[in-house]
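Observations on the three-dimensional arrangement
Take a look at the letters that make up each chain.
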Amino acid sequence: MENRNNVTEFVLLGLTQNPEMQKVLSVLFLLIYIATLLGNLLIIVTIAASRSLGSPMYFFLAYLSFIVAVYSITVAPKMITDWFHEKKTISFQSCMTQIFIDHLFAGADVILPVVMAYDRYVAICKPLRYLIIMSRRVCVLMLLVARTGGFLYSLVQLLFIYQLPFCGPNVIDNFLCDMYPLLKLACTDSRLTGFSVIANGGAICIVVFFILLVSYRVMLHYLKTHGLEGNHKAFYNCASHMMVVLLFFDPCIFLYARPNSTLPIDKSMTVVLTFIVPMLNSLIYTLRNAEMKNAMRKLWSKIVTLVGRELHSFSLL
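Just so you know, these numbers come straight off a predicted model, no measurement behind them.

With respect to the overall build of the chain
- Looking only at helices and strands, the chain features 10 helices and three strands.
- Mapped from its N terminus to its C terminus, the chain presents α and β elements in the order β-α-α-β-α-α-α-β-α-α-α-α-α.
- Overall, the C-alpha framework of the chain stretches about 60 × 60 × 30 Å when taken along its three principal axes.
- The buried share of the chain, reckoned over its 317 residues, is 47%.
- Each charge class in the chain was averaged separately, 25 positive and 16 negative side chains, and the resulting centres sit 13 Å apart.

As for the layout of surface pockets
- The calculated volume of the second largest pocket comes to roughly 270 Å³.
- For the second largest pocket, the lining is made up of 20 residues, of which D173, N174, P181, T262 and D266 are closest to its centre.
- Every element with two or more residues in the lining of the second largest pocket is listed here: β3 (171-172), α6 (179-185), α8 (231-256) and α9 (266-287).
- At five residues, the largest contribution of residues to the lining of the second largest pocket is made by α6.
- Its residues assigned to classes, the lining of the second largest pocket shows 10 nonpolar, four polar and six charged.

Looking at the pattern of salt bridges
- Under the criterion given, the structure shown has two salt bridges.
- Residues D119 and R120 are paired through a salt bridge, measuring 3.1 Å at the closest nitrogen-oxygen approach. Summarising the burial analysis for this pair, D119 and R120 share the class buried.
- Of the charged contacts in the structure, one is a salt bridge between D173 and K267, with a shortest N-O distance of 2.8 Å. Of this pair, D173 sits in the loop between β3 and α6 while K267 sits in helix α9, placing them 94 residues apart in sequence.
- According to the relative accessible area criterion, D173 is partly exposed, its value standing at 48%.

Describing the state of the cysteines
- Overall, the coordinates contain three disulfides when judged by the stated rule.
- Shown here is the disulfide that connects C95 with C177, its sulfur atoms set 2.1 Å apart. Classification of the bridge connecting C95 and C177 rests on its S-S torsion, roughly -130°, and on that basis the disulfide is left-handed. With C95 in helix α3 (residues 92-125) and C177 in the loop between β3 and α6, this residue pair connects regions lying 82 residues apart in the sequence.

With respect to the environment of Q17
- In this structure, Q17 sits in the loop between β1 (9-12) and α1 (19-49).
- Once the C-alpha coordinates of Q17 and I67 are considered, the two residues, 50 residues apart in sequence, prove to be 31 Å apart.

Things to note about the packing of aromatic side chains
- The tally for this structure, following the rule as stated, stands at 11 aromatic pairs.
- Taken together, a centroid distance of 6.1 Å and an interplanar angle of 35° make the contact between Y63 and F66 tilted. Separated by three residues within a single helix, Y63 and F66 lie in helix α2 (residues 56-82), roughly one turn from each other.
- With a relative accessible area of 41%, F66 lands in the partly exposed category.
- Taking NZ or CZ as reference, R136 lies 4.5 Å from the ring centre of F59, over its face.

The rules behind these values
- Within any chain, residue numbers begin from 1 and follow the written order of that chain's sequence.
- Only residues with pLDDT of 70 or above have their local features reported here, since the model is predicted, and side-chain atom pairs are shown and tallied only from 80 upward, although totals for entire chains, interfaces and linings are computed over all residues.
- Side-chain numbers come from the whole structure's heavy atoms, not from hydrogens or water.
- A helix here means a DSSP run of H or I that spans at least four residues, while a strand means a run of E at least two residues long, and both kinds are numbered starting from the N terminus.
- Relative accessibility under 20% of the residue-type maximum defines a buried residue, over 50% an exposed one, and the middle range a partly exposed one, all with a 1.4 Å probe and only protein chains included.
- When charges are counted, Lys and Arg contribute as positive and Asp and Glu as negative, whereas His and the chain ends are disregarded.
- To locate a charge, take NZ of a lysine, CZ of an arginine, CG of an aspartate or CD of a glutamate.
- Residues are said to line a cavity or pocket when one of their atoms sits within 4 Å of a point; the points come from a 1 Å grid over protein atoms alone, cavities being sets where a 1.4 Å probe fits but cannot get out and pockets being open sets with protein on both sides within 12 Å along at least five of seven lines.
- Grid points are joined across faces, edges and corners, and a volume is the space filled by probe spheres set on the points.
- Three categories are distinguished: nonpolar for Ala, Val, Leu, Ile, Met, Phe, Trp, Tyr, Cys and Pro, charged for Asp, Glu, Lys and Arg, and polar for the others, with Gly belonging to the last.
- Every case where a carboxyl oxygen of Asp or Glu lies within 4 Å of a side-chain nitrogen of Lys or Arg is listed as a salt bridge.
- Cysteine sulfur atoms that come within 2.5 Å of each other are treated as a disulfide pair.
- Each Phe, Tyr or Trp ring, with Trp reduced to its six-membered ring, pairs with another whose centre is within 6.5 Å; inter-plane angles below 30 degrees give stacked pairs, above 60 give edge-to-face pairs, and intermediate values give tilted ones.
- Lysine and arginine charges are scored as sitting over a ring when NZ or CZ, respectively, is within 6 Å of the ring centre and within 35 degrees of the ring normal.

In structure tokens form, the structure reads like this:
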């Protein structure tokens, strides 16, 4: 504890030390951040306002969009504002908090695709019992499992890193606090802790990714062999889900399922995981989903009509 208190803050090097490039990146990532928030909030509002999107699939999709939006809020603002400061620092406690929140939502984001895959499996393979099996109570319980799993995963990750002594240096070659860069700064042999991080984080990513690949392979085979009516729609739903899964789990496995080390490409992979994937989440689920696009059009038409009526009433006054 005495050694740990020698480090009260960490210095973040960010993505680049070039001042001009920092200005360009600050604008770029600000636009990505705004697009991510607006896109995922639009999904949540559309699902909440549309009766046609009352199935469990959209219930889970709304929650996934909520997780993505909150996750973006915990990471992006700090990174963007840091580019306007010459020295980018984060306190020890804020660093630990960022790790906990980051892995809390990332853990739920790892488990939730399994829940969504099970929902798609029931809808495709057991359509007559779908509403019975996927009742609202079952859906809520599944979300609680995802949240609990994310909390436990994040808590374990935090305990791994919090008990390590930090006595200097305190420079993190990244734009946020993460496990491997901090393990590199620990004033002790962190190989055992690094192995624990792999066993906890990397193994979960690999196992869940394998389960999802097998699940969607089974569903696609079922659609092909049974020649079900409407399988075109089911196929595109599965394809959208698999696209999001691949985008999320590829960098996740790369970052957390390897021996304790830091690589130059880690920054790029972290950008993909924290900025690009959350933004593409809303694009993929809306542009590849006809029901979502129709519901958004109807919602937009209602908003325009209501605004027009209010403006007309105001003009009459």
